[in-house]
Amino acid sequence: MLRQIFAGAFVGLVGLPAAVMAQTACEPYTVQGGDTLRGIAQSAYGNGNFQIIFDANRTVIGNNPNNIEIGDELLLPCEDGTLPGAVVEVAEAPQPTAAALEASGQPIPQGYVPQIKFLTGGNYPPFTDESMPGRGMFTELVDTAMTRGGQGRDYGITFVNDWGSHLSALLPINAFDLGFPWFKPDCAKLDLLSPSMAQRCTDYIFSDPFYELVVTGYVLPDSPYANAATPDDLFGARVCRPDGYYTFDLEEAGLVEPNITLVQPVLPRECFEQMLAGTVDYIPMEVQVAESAISELNIRNQVLELSQFSRLVTAHVLSHKSNPYGRVYITLLNQGLAEMRQSGEWFGLVSTQLAAYARANQ
């Protein structure tokens, strides 16, 4: 399963230290000198998981979580995930025109219109899990995008928990039309990617990003890699990435064997346990996943974040290039997703799901 798991220069240290201002959930906040997204989250929510602040302020922060500046006005979501004073207007999306669908480059089905078949897998909270509300955040995003942009088309979502079969067998033979959630490599760096990661670029088409996650790096404060500034400085490290996760971000940075030793336990928390035990040096991991493990182990003061290595990974719906209507279906999804983002429905859904997941794992 290809799981995946932010603030100027180093993650979000802005200017010189200044007088500390209270940072309170459910209120606007003006960035002060010395602020970081992690520090703001710690003050407002009692933890360092700043993904929810990043999600709520993308128009201010952009694509780099380190890019907060003195004077930036940030909205700090409430404890239930909503924005202070926000009113989400959910409107029916304008239906894609025939011209817009034809622009996808593939014919529009005529006569009998088959069900659109989506493929996902479980045991990947908060994104896809049949035991969660809406069967997970990403599943609910897809459901809603189809409601908004799908022209009333019939569709079904099937869970197959053998994630490895999705890209290797089920989607290539068109047993299913679309799969999610999958993370997209930088396809301009195709020559750096392993065959399984390169396959995503060569064999699949991607929707617009449904969700963007921050991946950052963790070491022990006394690690010989604590002052690493470039990926080359991590050469020789024992790097931990749970088994089945994507690896394209490591490959794009040259963090492949023999430059590093890749350690692949089953669970994210095992990476941190092994780092504390001295058998792992560096952990690149999604902020939400890492913060959950750090909180569970109660080791916040024992690990150091290398925010200079923070980057975004984007989660998508994809279709195999051999699917005769794949581009049409992706166009429908993109239409619905655009409407959700414009109306504020996207953030409302995401924040509610993440808040519920956080409460369930306290």
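Structural notes, computed from the coordinates. (Residues numbered from 1 in each chain as written. Predicted model: local features only at pLDDT ≥ 70, side-chain atom pairs only at ≥ 80, totals over all residues. Heavy atoms only, no water.)

1. A look at the packing of helix α5 (residues 137-149) against helix α11 (residues 326-343)
The N-to-C vectors of α5 and α11 enclose an angle of 100 degrees; their axes lie 7 Å apart at closest approach. If you check the angle between α5 and α11, you find them roughly perpendicular. Of α11, the residues touching α5 (which contributes Leu141, Val142, Thr144, Ala145, Met146, Arg148 and Gly149) are Leu332, Leu333, Gln335, Gly336, Leu337, Glu339 and Met340. When its residues are assigned to classes, the contact of α5 with α11 shows eight nonpolar, four polar and two charged. (Axes fitted to C-alpha atoms, helices over the stretch in contact; angles between N-to-C directions. Helix = DSSP H or I, 4+ residues; strand = E, 2+ residues; numbered from the N terminus. Parallel < 35°, antiparallel > 145°, perpendicular 65-115°, else oblique. Contact = heavy atoms within 4.5 Å. Nonpolar A, V, L, I, M, F, W, Y, C, P; charged D, E, K, R; others polar.)

2. Here's the deal with the nonpolar core
With 53 residues, the main nonpolar core has Phe118, Val142, Phe210, Tyr211, Val317 and Leu333 as its most contacted residues. Residue contributions to this core peak at seven residues, all from α11. Aside from chain neighbours lying at most four places away, what touches Phe118 is Val142, Met146, Tyr155, Gly156, Ile157, Thr158, Phe176, Leu178, Phe180, Val317 and Leu333. Formed by 37 residues, the second largest nonpolar core is a distinct cluster that contains Ile40, Phe54, Leu220 and Met285. (Core = buried A, V, L, I, M, F, W, Y, C linked by side-chain atoms within 4.5 Å. Buried < 20%, exposed > 50% of the residue type's maximum accessible area, 1.4 Å probe, protein only.)

3. Examining the packing of helix α9 (residues 268-277) against helix α10 (residues 287-297)
The axes of two packed helices give the description: the angle between them and the distance between them. At their nearest, the axes of α9 and α10 sit 9 Å apart, and the two run at 60 degrees to each other. With respect to their mutual orientation, α9 and α10 come out oblique. Seen along the crossing, α9 lies across α10 with a hand that is right-handed. Each of Pro268, Arg269, Phe272 and Glu273 in α9 lies in contact with α10, whose residues at this interface are Val289, Ala290, Ala293, Ile294, Glu296 and Leu297. (Left-handed = near helix turned anticlockwise from the far one by under 90°.)

4. A short note on α10
Within α10, eight of the eleven residues are buried, which leaves the element mostly enclosed by the surrounding structure. The complete set of buried residues in α10 reads Val287, Gln288, Val289, Ala290, Glu291, Ala293, Ile294 and Leu297. On its buried face, α10 sits against α1 (37-45), α2 (51-56), β7 (211-219), α9, β10 (283-286) and α12 (345-360). Just downstream of α10, Asn298 is the residue with a positive phi angle, here 55 degrees.

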